Amino acid sequence: MNESLNNPLGMQAALLAALARFAETHQALPGAYITTSDITPGETHVLLDSPSDLEAWRQALHTDPADVLITERGDETKLSFTAPLGRISLRVYTVFTPAALVVSA
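Criteria and cut-off values
Residues numbered from 1 in each chain as written. Predicted model: local features only at pLDDT ≥ 70, side-chain atom pairs only at ≥ 80, totals over all residues. Heavy atoms only, no water. Helix = DSSP H or I, 4+ residues; strand = E, 2+ residues; numbered from the N terminus. Buried < 20%, exposed > 50% of the residue type's maximum accessible area, 1.4 Å probe, protein only. Contact = heavy atoms within 4.5 Å. Polar contact = N/O pair within 3.5 Å; in protein donor to acceptor, adjacent residues only side chain to side chain. Pairing = 2+ DSSP bridges.

**Let's talk about the environment of arginine 91**
For arginine 91, the position within the fold is in strand S5 (residues 88–96). With relative accessibility at 35%, the residue arginine 91 sits in the partly exposed group. Between the C-alpha atoms of arginine 91 and serine 80, which are 11 residues apart in sequence, the distance is 7.2 Å. Residues contacting arginine 91, with those up to four places away along its chain left out, are Glu43, Thr44, His45, Val46, Phe81 and Thr82.

**Comments concerning the side chain of glutamate 43**
Within the element layout of this structure, glutamate 43 appears in strand S2 (residues 43–47). At 3.2 Å, the side chain of glutamate 43 and the side chain of arginine 91 are in polar contact. Apart from residues lying up to four places away in sequence, glutamate 43 is in contact with Leu15, Ser89 and Arg91.

**A word on the pairing of S5**
In the case of a regular strand, side chains alternate between the two sheet surfaces. Bridge count for S2 against S5 is 5 bridges, and the pairing is parallel. Pairing of leucine 47 across the sheet is with tyrosine 93, part of S5. With 9 bridges connecting them, strand S4 (residues 76–85) and S5 associate as antiparallel partners. Counterpart to leucine 85 in the pairing with S5 is isoleucine 88. In textbook terms, the turn of a hairpin is the stretch between consecutive antiparallel strands, and for S4 and S5 this stretch comprises 2 residues, one of which, glycine 86, has a positive phi near 65 degrees.

Read these as spatial facts, not as claims about activity.
Below you can see the structure in the form of structure tokens.
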């Protein structure tokens, strides 16, 4: 493996600290699957379980509803938005099957 592509964990320190502060001040928010990468230490991906969870995060991050993108692929719909958290960027999303499709199946 090419060692020059691996950044030390310390490169992610600002991101991890920002996430910890956010979690401490928004303890009631729905839990999330959060991923980070040493390749992009200034951004993180936040996967949520449902549209209502995404809405709670959108409100907490003060993101305008018009900034939520809707993408449809097959029977699934993806809602996503990007929000700043200090100097980092959160890419927040959820993927779900709309209720009308679930009822008709």
